[in-house]
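# Commentary on secondary and tertiary structure
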Amino acid sequence: MASKAMIKKLNGQLNKEFYSSNLYLQMSAWCDTKGLEGSAAFLKTHADEEMQHMQKFFTYITELSGLALIGQIEAPPVEYKSLKDVMEKILKHEKFVTKSIHELTEAAWEEKDHATYNFLQWFVSEQHEEESLFNSILDKFNLVGSDNKQGLFFLDRELGQMVTTSAAE
Ligand code: FEO
C-alpha cells in the first residue's frame, strides 16, 4: 500500500505529464502557423503520448484507492524563436521530467513501496527513450545549420514521417 506522501508525489507527477501534453500541443499549434506541418503532426502525436502518461498515473493512483487530483495546470509558452528552439526546449523539459521520475523512484525505494517502484520502471525506460529521441533530432539540426531553409524543409518532412512510421508499428 502506498503512503499518503507517495500518493501526493504521484499526483504531482500526474500534473507534470498533463503540463507536458499541453506544452507539446501548444508547440504543435506554433509549428502549424509557421507552415511546419510535419513538426506540428509529430508534436500533436507526442502530446497524445503525454496524455497517456498522465492516464497511467491516474489509473495507478485510483488502483491504490487514492484520489487522483487534477490541479491547476500552468499555461505553456506561446512564442518560439525557431523549430530548433522548440526542440531545445523539449529536451530541457524532458530532462526535468526525467529528474522528477528518478526522484519518485528513489522515494519509492526508500519507502520499500515495491509496487510503485515497479510501476515507475516503465517511465524510467520511457524517459531514456525520449531524451535519446530529442538528442538525435537536435543532432540533425546541428548538422544542417539553423539558417538552412532547405535543411529545415527536409527536417520538417522527416518529423512528419516519424508520425506515419510510429502509427504503422
Ligand atoms: Fe511523459 Fe515526455 O514525459
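Residues numbered from 1 in each chain as written. Predicted model: local features only at pLDDT ≥ 70, side-chain atom pairs only at ≥ 80, totals over all residues. Heavy atoms only, no water.

## A word on the packing of helix α2 (residues 37-63) against helix α4 (residues 114-144)
Put simply, the test is: Axes here mean lines fitted to C-alpha atoms, for a helix over just the part in contact, with angles spanning 0 to 180 degrees between N-to-C directions. By definition, any uninterrupted DSSP run of H or I lasting at least four residues is a helix, any uninterrupted run of E lasting at least two residues is a strand, and each is numbered from the N terminus. An angle below 35 degrees is treated as roughly parallel, one above 145 as roughly antiparallel, one from 65 to 115 as roughly perpendicular, and anything else as oblique. The contact definition used throughout considers only heavy atoms, calling two residues in contact when any of these lie within 4.5 Å. Polar here means any residue other than Ala, Val, Leu, Ile, Met, Phe, Trp, Tyr, Cys and Pro, which are nonpolar, and Asp, Glu, Lys and Arg, which are charged; Gly is therefore polar.
At a minimum axis separation of 12 Å, α2 and α4 run at an interaxial angle of 170°. In terms of orientation, α2 and α4 fall into the roughly antiparallel class. On α4, the residues that touch F42, H46, E49, E50, H53, K56, F57 and Y60 of α2 are A115, T116, F119, L120, W122, F123, E126, E130, L133, F134 and I137. When grouped by side-chain class, the residues that make up the contact of α2 with α4 number 11 nonpolar, 3 polar and 5 charged.

## Things to note about the pattern of salt bridges
What counts is decided by this rule: When a carboxyl oxygen of Asp or Glu lies within 4 Å of a side-chain nitrogen of Lys or Arg, that pair is called a salt bridge.
Under the counting rule described, the total for this entry stands at 4 salt bridges. Between D85 and K89 there is a salt bridge, and its shortest N-O distance comes to 2.8 Å. Here the residue D85 and the residue K89 both occupy positions in helix α3 (residues 83-110), the gap between them amounting to 4 residues, near one helical turn. E158 serves as the salt-bridge partner of K140, at 2.6 Å between the closest nitrogen and oxygen. Of this pair, K140 sits in helix α4 while E158 sits in helix α5 (residues 149-168); the two residues are 18 residues apart in sequence, bridging distant segments of the chain.

## Details of the packing of aromatic side chains
Test applied: For Phe, Tyr and Trp, rings pair up if their centres lie within 6.5 Å, where Trp contributes its six-membered ring, and each pair is then called stacked (planes under 30 degrees apart), edge-to-face (over 60) or tilted (otherwise). Buried residues are those whose accessible area, probed at 1.4 Å on protein chains only, stays under 20% of the maximum for their type, while exposed residues exceed 50% and partly exposed ones sit between those limits.
By the definition in use, this model includes 9 aromatic pairs. Seen in terms of ring centroids, F57 and F123 are 4.5 Å apart; in terms of plane orientation they differ by 40°. Their pairing is tilted. Of this pair, F57 sits in helix α2 while F123 is found in helix α4, placing the two residues 66 residues apart along the sequence. A single burial state applies to F57 and to F123, both of which are buried.

The values are spatial; any link to function lies outside them.
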